[in-house]
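Topology and contacts: notes
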Amino acid sequence: MQLIGRFLRSLLVGLAVMSAGFTSVAMAEAPMVKKQVPGYYRFMHGQFEITVLFDGVSELGADLLTNTTQQEVQQRLALYYAEGDKVQTATNTYLINTGKNLVLVDVGCGTLFGPKLGKILENMRASGYAPEQVDTILVTHMHGDHVGGLVDPDGKMVFPNAKVYANQLESDYWLSAKHAGEAKTDLQKALFKMAQDSTAPYRAAKKWQTFQHKDEVVPGIRAVSITGHTPGHTMFRVKSDEQRFFILGDIVHNHMVQFARPDVAIEFDTDQKQAVITRYKVFNLAAKYKWMVGGMHLPFPGVGHIRSNGDGTYNWLPVEFSPLP
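A brief look at the structure comes next. If you're wondering where the values come from, they're calculated on a predicted model, not measured in any experiment. (Residues numbered from 1 in each chain as written. Predicted model: local features only at pLDDT ≥ 70, side-chain atom pairs only at ≥ 80, totals over all residues. Heavy atoms only, no water.)

A short note on the side chain of Thr 230
Following the sequence through the fold, Thr 230 ends up in the loop between strand S10 (221-225) and strand S11 (234-240). Accessibility expressed as a relative area gives 1% for Thr 230, which makes it buried. The residues touching Thr 230, leaving out its near neighbours within four places in the chain, are His 141, His 143, Glu 170, Trp 174 and Thr 270. (Helix = DSSP H or I, 4+ residues; strand = E, 2+ residues; numbered from the N terminus. Buried < 20%, exposed > 50% of the residue type's maximum accessible area, 1.4 Å probe, protein only. Contact = heavy atoms within 4.5 Å.)

Written out as structure tokens, the structure is:
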């Protein structure tokens, strides 16, 4: 009996040790992943599939906003707990599968503006598409954060099977040696160089095309002039099954300020006065007709509606995440 008692005590001790070991394993701290989810958001628009691709974020100086004071800017930013000298700004692009064409509206920054941007290709692949599948690229305008992604660091085409389309006025302006030579500031000179370098291989391969205001560049996708930010700044009306979605380009750079104060411009506007007029016009139409819209610099995925408050101010109503039908 004494021997049996010792055996049982040993067995119980062993089981306790094993139990403690299993508990230790089960309760072990998991290593941090430190990686964000892929940056794409997809929805159906009539018969079209639209995938928003996140290019990344930049930090723009709050002092770039004009027609206001920095005191007012900071007061409006504070309403979003975002006061400070820098404001995070997203860059989005839109991939549209019409069933016949795979159309990319803007291509992001490429390698022009640092490691927090230029994420289009990895997010495109994560979404199930490859750059070689894109057959049409539509450009809202030719600033570097919208055309820089056309080329890789060696200046070669990232989208070898695509034709690239820009507004005729936009193309004539940014590709003009005369206008480039008249640039006065370092920023202006840099903008011309980025536009010309990023488009060069497509122009050389005769893949660079232009369109006019109201042209239906691709069946279901019509160009609409919204000049002011640049000479040929364009939004695109995407229509399928009588549903309409408007890709607004750079109508808004700072949602925290410019919906409440549409008269606030930004230093990047080629014609600030016209940019303000255009913004009011687009906001009014979008609110009146309850357009679904997408913006290149609205918080990702940048899709939603614009609501009028009836006093010249507006609210941004972002889309809620939802599964595909």
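So much for the structure itself; the text now carries on.
Here's the deal with the environment of Tyr 41
Mapping Tyr 41 onto the fold places it in strand S1 (residues 40-45). On the accessibility criterion, Tyr 41 (6% relative accessible area) is buried. Contact partners of Tyr 41, with chain neighbours within four places excluded, come to Ile 50, Thr 51, Val 52, Phe 300, Pro 301, Val 319, Glu 320, Phe 321 and Ser 322. Side-chain polar atoms of Tyr 41 contact the backbone oxygen of Glu 320, separated by 3.5 Å. (Polar contact = N/O pair within 3.5 Å; in protein donor to acceptor, adjacent residues only side chain to side chain.)

Description of helix H9 (residues 272-288)
Between its first and last C-alpha, H9 extends 24 Å over 17 residues, near the 24 Å set by a 1.5 Å rise per residue. Turning to H9, its buried residues number three or more, namely Ala 275, Val 276, Thr 278, Arg 279, Val 282, Phe 283, Ala 286 and Ala 287. All buried residues of H9 fall inside an arc of 165 degrees around its axis, so they share one side. Exposed positions of H9 whose direction lies more than 90 degrees from the buried face are Lys 273, Lys 281 and Lys 288. Two residues or fewer past H9, Lys 290 is found with a positive phi of approximately 55 degrees. (Expected span 1.5 Å × (residues − 1). Arc of directions from axis to C-beta.)

Here's the deal with the packing of aromatic side chains
Within the structure shown, the criterion is met by 13 aromatic pairs. For the ring pair Phe 283 and Tyr 314, a centre distance of 5.2 Å and an interplane angle of 65 degrees mean the geometry is edge-to-face. Of this pair, Phe 283 sits in helix H9 while Tyr 314 sits in strand S16 (residues 314-318), placing them 31 residues apart in sequence. Classification of Phe 283 by relative accessible area gives buried; the value is 0%. (Phe/Tyr/Trp six-rings, centres within 6.5 Å; stacked < 30°, edge-to-face > 60°.)

Points about the sheet that holds strand S14 (residues 292-294)
Within the open sheet, the seven strands sit side by side as S9-S10-S11-S12-S14-S15-S16. Their pairing is mixed. For this open sheet the edge positions go to strand S9 (216-218) and S16, each flanked by a neighbour on one side alone. Pairs of neighbouring strands in the sheet enclose a mean axial angle of 35 degrees, with direction left out of account. As defined by bridge partners, S9 adjoins S10 across two bridges and the pair is classed as antiparallel. By the bridge assignment, Val 218 is partnered in S10 with Ile 221. (Pairing = 2+ DSSP bridges. Axes fitted to C-alpha atoms, helices over the stretch in contact; angles between N-to-C directions.)

A word on the pairing of strand S2 (residues 48-61)
When you tally the buried positions in S2, you get eleven out of 14 residues, the bulk of the element. Two elements, S1 and S2, share six bridges in a ladder whose sense is antiparallel. Directly across from Arg 42, in S2, lies its bridge partner Thr 51. Hairpin connection from S1 to S2: two residues lie between these consecutive antiparallel strands, with Gly 46 at a positive phi of about 60 degrees. With twelve bridges joining them, S2 and strand S4 (residues 86-97) adopt antiparallel strand pairing. Note that in S4 the partner of Leu 53 across the bridge is Thr 93.

Describing the pattern of salt bridges
A side chain of one charge can pair with a side chain of the opposite charge if their charged atoms are brought near each other. Under the criterion given, the structure shown has eight salt bridges. The partner of Asp 197 in a salt bridge is Lys 193, with the nearest N and O atoms 2.8 Å apart. Separated by four residues within a single helix, Asp 197 and Lys 193 lie in helix H7 (residues 186-204), roughly one turn from each other. The partly exposed category is assigned to Asp 197, whose relative accessible area is 41%. Of the residues examined, Lys 193 reaches a relative accessible area of 52% and is grouped as exposed. The salt bridge partner of Glu 242 is Lys 239, with a shortest N-O separation of 3.8 Å. Relative accessible area serves as the criterion here: at 56%, Glu 242 is assigned to the exposed category. Using a relative accessible area of 26% as the deciding quantity, one classes Lys 239 as partly exposed. Linked through salt bridges whose partners overlap, the residues forming this network are Glu 72, Arg 76, Arg 261 and Asp 263. (Salt bridge = Lys/Arg side-chain N within 4 Å of Asp/Glu carboxyl O.)

Quick word on the pairing of S11
Extensive coverage of S11 is indicated by the burial of six of its seven residues. Pairing geometry for S10 and S11, over five bridges, is antiparallel. Across the sheet, Ile 221 pairs through a bridge with Val 238, a residue of S11. Bridge count for S11 against strand S12 (residues 243-247) is five bridges, and the pairing is antiparallel. Within S12, the residue paired with Arg 237 across the bridge is Phe 246.

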